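# Chains, contacts and geometry: an overview
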Amino acid sequence: MVMGPGPGLQLVNPDPTTARDSLLFLGLPVIYAWGLFWYGVQAAVVVTASLTIWKSRED
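Residues numbered from 1 in each chain as written. Predicted model: local features only at pLDDT ≥ 70, side-chain atom pairs only at ≥ 80, totals over all residues. Heavy atoms only, no water.

Of regular secondary structure, the protein chain possesses two helices and two strands. When the helices and strands of the protein chain are placed in sequence order, the string is α-β-β-α. When burial is assessed residue by residue, the protein chain has 8% of its 59 residues classed as buried. When the accessible surface of the protein chain is split by element, carbon and sulfur atoms take 67% of a total near 5300 Å². (Helix = DSSP H or I, 4+ residues; strand = E, 2+ residues; numbered from the N terminus. Buried < 20%, exposed > 50% of the residue type's maximum accessible area, 1.4 Å probe, protein only. Areas by Shrake-Rupley, 256 points an atom, 1.4 Å probe, with all protein chains shown as cover.)

Following this line, the structure appears as structure tokens:
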């Protein structure tokens, strides 16, 4: 959760001289692609934890 908004904030206010095409990733604005990527990372962490750590103990 630290990396999601952290460096991604640099993408919100790009250098005004930056070319417009460099602000797109696969047709999406870079900031949206960054957010979707970290959403996927966080979802993978939750799924991994639910399958490995959060198992119910049957005593």
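With that settled, consider the packing of aromatic side chains. The geometry of an aromatic ring pair comes down to the distance between the two centres and the angle between the two planes. A full pass over the atoms with the stated rule returns two aromatic pairs. Relative to Trp 38, the ring of Phe 37 lies with its centre 5.2 Å away and its plane at 75 degrees, an arrangement referred to as edge-to-face. Here the aromatic residues Trp 34, Phe 37 and Trp 38 are joined through ring pairs into a cluster of three or more. (Phe/Tyr/Trp six-rings, centres within 6.5 Å; stacked < 30°, edge-to-face > 60°.)

Between its first and last C-alpha atoms helix α2 (residues 30-52) spans 33 Å; for 23 residues at 1.5 Å apiece the expected length is 33 Å, and the two agree. Residues of α2 that are buried in the fold lie against β1 (24-25) and β2 (28-29). (Expected span 1.5 Å × (residues − 1). Contact = heavy atoms within 4.5 Å.)

A surface patch of nonpolar side chains, about 390 Å² in accessible area, is lined by Leu 28, Ile 31, Tyr 32 and Leu 36. The topology assignment puts Tyr 32 in helix α2. (Patch = residues over 30% accessible without salt bridge, like charges linked within 9 Å, V, L, I, M, F, W, Y side chains within 5 Å. Salt bridge = Lys/Arg side-chain N within 4 Å of Asp/Glu carboxyl O.)

Before going further, it helps to examine the confidence of the model for the protein chain. In this model, the protein chain carries a mean pLDDT of 78, and residues with pLDDT of at least 70 account for 71%. Across the protein chain, the secondary-structure element scoring lowest on mean pLDDT is helix α1 (residues 9-12), at 66, and the one scoring highest is α2, at 89. (pLDDT = per-residue confidence, 0-100.)

Once that is clear, we can look at unusual backbone geometry. Generally, phi is negative for residues other than glycine and the peptide bonds are trans, each holding for most cases. Phi at Leu 26 takes a positive value of approximately 55 degrees, unusual for a residue other than glycine. Among the secondary structure elements, Leu 26 is positioned in the loop between β1 and β2.

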